[in-house]
Amino acid sequence: MLNSGRVDMVVSSLPMDARQRRGLQYAGPYFVARQDLLIRRDSRAAITGVQSLADRIVCTARGSGADANIVAAVHGVTIQIRDTYSQCVTALLAGEADAVSADDAVISGLMKSKGRQYLSMVGRPFAQVPYAIRVHYGDPELSSKILAALRSMVRDGSWRQAVETMQNDIHYTMDPALNPPV
């Protein structure tokens, strides 16, 4: 939709991708999450961090970039790509995957919606994931306006208020050493 001109920007939990997609640029970052693992609660003794993933199957969502961080962190892991994180959680609960790798903010939301009684976050982040707003490449005026708005939100406290709402809604704990991003 961004490439076709139907929208001017995309705001979501979109990681800033170092492999910059053709025709896109980023405004931000506006938040820095940490990449972690979501596992079945009964796997907590066996999967204690990314180093526990050798010879295991890890699911991640298409286009998230999480797969590259996993492969860089551990050898012998099998990456399973699904269209959505919800599909990854289904694979995890069905035993088709041993873990789901995503940003900790995404994992917290998945745990809330899919059932904390069955799922657990490992809690040993192994990568940082800056979120940004995507805009069409070559629109420096829009990028500048977005960056000015983000800075204003940090100054006036509305950024912190938005993060606190997220934290309360999904029981998420942000890393204050990483946020707000400079």
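Anything mentioned here points back to the structure above.
Model, not experiment: these values are computed from the prediction.

Turning our attention to the overall build of the chain. What the chain contains, in helices and strands, is five helices and seven strands. Counting helices and strands in the order they occur from the N terminus, the chain gives β-β-β-α-β-α-β-α-β-β-α-α. Its C-alpha atoms give the chain a radius of gyration of 17 Å, near enough to 16 Å, the size a compact globule of 182 residues would have. By residue count, 43% of the 182 residues in the chain fall in the buried class. Contacts in the chain between residues far apart in sequence, at least 24 positions, make up 68% of those at least 6 positions apart. Of the roughly 9800 Å² of accessible surface on the chain, 51% is carried by carbon and sulfur atoms.

Under the defined criterion, the tally for this structure stands at four aromatic pairs. Ring centres 6.1 Å apart and planes at 55° place the aromatic pair F31 and Y172 in the tilted group. On the criterion of sequence distance, the pair formed by F31 in strand β2 (residues 24-40) and Y172 in the segment after α5 (158-170) is long-range, its members being 141 residues apart. Of the two residues examined, F31 and Y172, each falls in the buried class.

This part covers helix α2 (residues 85-93). Those residues of α2 that fall on the buried side of the exposure criterion are Y85, C88, V89, A91 and L92. Considered in projection along α2, the buried side chains sweep an arc of 160° and stay on one side of the axis. Note on α2: the residue one or two positions beyond its end, G95, has a positive phi of about 85°.

This brings us to the pattern of salt bridges. Oppositely charged side chains may form a pair once their charged atoms are brought near each other. With the rule as written, the count across this model stands at five salt bridges. In this structure, D83 and R62 form a salt bridge, with 2.9 Å as the shortest nitrogen-oxygen distance. Of this pair, D83 sits in the loop between β4 (78-82) and α2 while R62 is found in the loop between β3 (57-61) and α1 (66-73), placing the two residues 21 residues apart along the sequence. Of the charged contacts in the structure, one is a salt bridge between E141 and K145, with a shortest N-O distance of 3.4 Å. Residue E141 and its partner K145 are located together in helix α4 (residues 140-156), separated by four residues, close to a single helical turn.

Moving on: the side chain of D103. As for its position among the elements, D103 is in strand β5 (residues 99-103). The side chain of D103 sits in the buried core without any salt bridge; R34 is the nearest counter-charge, 9.7 Å away. If sequence neighbours within four positions are ignored, D103 has contacts with A33, R34, Q35, V129 and Y131.

Let's shift gears to the environment of G76. Within the element layout of this structure, G76 appears in the loop between α1 and β4. Under the relative-accessibility criterion, G76 is labelled partly exposed at 46%. As for G76 and C59, which are separated by 17 residues in sequence, their C-alpha atoms are 14 Å apart. Among residues more than four places away in sequence, those in contact with G76 are A54, D55 and R56.

So, about the packing of α2 against helix α3 (residues 104-114). For the pair α2 and α3, the least separation of the axes is 11 Å and the interaxial angle reads 60°. One finds that α2 runs oblique with respect to α3. Between α2 and α3 lies a crossing whose hand is right-handed. Counting all contacts with α2, which are made through Y85, S86 and V89, the residues of α3 involved are V106, L110 and K114. The class makeup of the residues in the contact of α2 with α3 is four nonpolar, one polar and one charged.

The rules behind these values
- Position numbers for residues start from 1 in each chain and track the written sequence from start to end.
- Given that the model is predicted, a residue must reach a pLDDT of at least 70 before its local features are reported, and side-chain atom pairs must reach 80 or more before they are shown or counted; all residues, however, enter totals for whole chains, interfaces and linings.
- Hydrogen atoms and water are omitted, and side-chain values are computed over all heavy atoms in the structure.
- Note on conventions: DSSP H or I runs of at least 4 residues are helices, E runs of at least 2 residues are strands, and numbering of each starts at the N terminus.
- Computation of the radius of gyration draws on C-alpha atoms, with the globule rule given as 2.2 Å multiplied by the number of residues to the power 0.38.
- Exposure is judged per residue with a 1.4 Å probe applied to protein chains only, and the accessible area is read against the type maximum: over 50% gives exposed, under 20% gives buried, and values in between give partly exposed.
- Whether two residues touch is decided by their heavy atoms; if any such pair falls within 4.5 Å, the residues are in contact.
- The accessible surface values rely on the Shrake-Rupley method and a 1.4 Å probe; as for residues, cover is taken only from the protein chains in view.
- The pairing test for Phe, Tyr and Trp rings, Trp by its six-membered ring, is centres within 6.5 Å, and the orientation test on the planes gives stacked under 30 degrees, edge-to-face over 60, and tilted for anything in between.
- Think of the arc as the fan of directions from the helix axis to the C-beta atoms.
- By definition, a salt bridge exists where a carboxyl oxygen of Asp or Glu is found within 4 Å of a side-chain nitrogen of Lys or Arg.
- Positive charges are assigned to Lys and Arg, negative charges to Asp and Glu, while His and the chain termini are left out of the count.
- Structural elements are reduced to axes, namely lines fitted to C-alpha atoms, with helices fitted over the stretch in contact, and the angle between N-to-C directions of any two is expressed from 0 to 180 degrees.
- The labels follow the angle: roughly parallel below 35 degrees, roughly antiparallel above 145, roughly perpendicular from 65 to 115, and oblique for the rest.
- Left-handed describes a crossing whose near helix is turned anticlockwise from the far helix through less than a right angle; right-handed describes the clockwise counterpart.
- When residues are sorted by character, Ala, Val, Leu, Ile, Met, Phe, Trp, Tyr, Cys and Pro go into the nonpolar class, Asp, Glu, Lys and Arg into the charged class, and all the rest, Gly among them, into the polar class.

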